[in-house]
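Fold and contact review
In case you want the letters, here they are:
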Amino acid sequence: MTGRPAGGGPAAPGDTADLVVIGAGVVGAAAAYFATRSGLRVTVVDRGPLAGGTSSAGEGNLLVSDKEPGPELDLALYSQRVWREDLAEHAGLWEFESKGGLVVAASPNGAGPLAALLREQRAAGIEAVDVARDELRDYEPRLSPDLAGGAYYPQDAQVQPMLVVAHLLRMARLAGARVLTDTEVTGFLRAGERITGVRTGRGRLSAPAVLNAAGTWAGAVAELAGVRVPVLPRRGCVLVTQPLPPVIRHKVYAAEYVSDVASSDAALQTSPVVEGTRAGTVLIGSSRERVGFDREVPPSVLAALARNAIALFPFLASVQAIRGYLGFRPYCPDHLPVIGPDPRAPGLWHACGHEGAGVGLSVGTGKLLAQALTGRPTDLDLAPFAPERFPPPTDPPTDPPADPPTDANKPSPTTRTRDAP
């Protein structure tokens, strides 16, 4: 094997490891970090650079506010503890910012459902504060005075996802892991039905466990092993403004964003999400649509994002947008990630399908997998995330083909933005 080692020693034909991780994004990096800390010999392989997919095109959100009670929220709360406790000493490395989230309702019709959701979330362990209409501007002075009310979520936070990837993999390498970039997995090694490693364009790598953390291409990787994991790309766009003095204190979004996140509609959906960054720029989202890997930024979508943002913050009407960008969320039809061993192909594990919550859920996913891979009880039950929960396909897919990207349509590895748009 002659891949490009990013650390941990040279690559050679016939290499072995305890765990091969396919994908050097934030989920793969977290899995590699915790597996290495658990004593496993880990090799990470990626067909491109570090954080070359969704992790380079997101906002870095660590959210609980957009999740309804259930397994995903349980994982989000668990991940919050990992970020704030297990990884607390490293928070400055990836610009961890506990800024809190403010969810607003445009009308009394929207305030009622938000209040009902708030009650359910509190019962599930979320910290949340009711915010009356006349209190909204205490949180965000530049908000529109026409909003009906909202809720404040102090647990919502943000990180810089590319820094998370870089530092988790750096620390994993210091503990003995290897990272091989520009190394594409082309197939799996087998002993009977059992997966025993991977075949790449540069050679073979043997391991008793292989983790599919390939993001939006996880479905294609699973197909190489003869199993179905229905992960599809879900495109999202973000507008970026000119740098401003600090004017927006929290992540602010409209209540309908929660229902958009939970929707399975393939058609375009937009709802306003606005937040400032340390650099002074303001990030404006959010859109969702399933269009395969089409990387063209539609002007009509960017215009809708701008209109929605101005409805929340009227002062933005006079602020210049300097660019727009897009990324692809790894979408699963039931809106739950795929985490754990695959009994259909023993030796194959999955950590994919986190959609727009991948950054926030990554560290909880990685810690749970490290526990399972080393035969320890897991802190959370992985059954809701089981890979085999999906039935075999009965109808042809309705989305455009999810072909692996070429160099022309992969995100630039130099993009420095903040969880998927």
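Quick caveat, the model's predicted, so the values are computed rather than measured.

Here we come to the sheet that holds strand β13 (residues 203-206). Taken in spatial order, the four strands of this open sheet run β2-β13-β12-β11, and their pairing is mixed. In the strand order of this sheet, the two ends are held by β2 (15-16) and β11 (185-191), each with one partner.

Our next topic: helix α5 (residues 161-174). Taking 1.5 Å per residue as the helical rise, α5 with its 14 residues ought to reach 20 Å, and the 20 Å between its terminal C-alpha atoms agrees with that figure. Within the span of α5, buried status applies to Pro161, Met162, Val164, Val165, His167, Leu168, Leu169, Met171 and Ala172. Looking at the buried side of α5, the elements it contacts are α1 (26-37), β4 (42-45), α2 (71-86), β10 (178-181) and α9 (358-373). N-capping of α5 is provided by Gln160, with a side-chain oxygen placed 3.0 Å from the backbone N of Met162. Residue Gly176 follows α5 closely and has a positive phi angle near 115 degrees.

Here the protein averages 89 in pLDDT, and 88% of its residues register 70 or above. Overall, residues 1-11 carries pLDDT values under 50, and its contacts beyond four positions in sequence, including any with other chains, amount to 35 contacts. Contacts of residues 396-421 to residues separated by more than four positions or lying in other chains number 76 contacts, the stretch itself having pLDDT below 50.

Moving on to the sheet that holds strand β18 (residues 282-288). One open sheet holds the eight strands; their spatial order is β7-β8-β6-β16-β17-β18-β15-β19, and the pairing between them is mixed. Taken across any chain shown, the strands that pair with only one partner, and hence form the sheet edges, are β7 (129-132) and β19 (321-331). Taken pair by pair, the neighbouring strands of this sheet meet at an average axis angle of 25 degrees, ignoring direction. Alignment of strand β6 (residues 101-105) against strand β16 (residues 251-254), held across four bridges, turns out to be parallel. Among the inter-strand pairings, Val103 is bridged to a residue of β16, identified as Tyr253. Relative to the sheet, helix α8 (residues 299-312) contacts β6, β15 (232-241), β16, β17 (269-276) and β18, its axis offset from that of β17 by approximately 60 degrees.

Thresholds, definitions, all that
- Residues numbered from 1 in each chain as written.
- Predicted model: local features only at pLDDT ≥ 70, side-chain atom pairs only at ≥ 80, totals over all residues.
- Heavy atoms only, no water.
- Pairing = 2+ DSSP bridges.
- Helix = DSSP H or I, 4+ residues; strand = E, 2+ residues; numbered from the N terminus.
- Expected span 1.5 Å × (residues − 1).
- Buried < 20%, exposed > 50% of the residue type's maximum accessible area, 1.4 Å probe, protein only.
- Contact = heavy atoms within 4.5 Å.
- Polar contact = N/O pair within 3.5 Å; in protein donor to acceptor, adjacent residues only side chain to side chain.
- pLDDT = per-residue confidence, 0-100.
- Axes fitted to C-alpha atoms, helices over the stretch in contact; angles between N-to-C directions.

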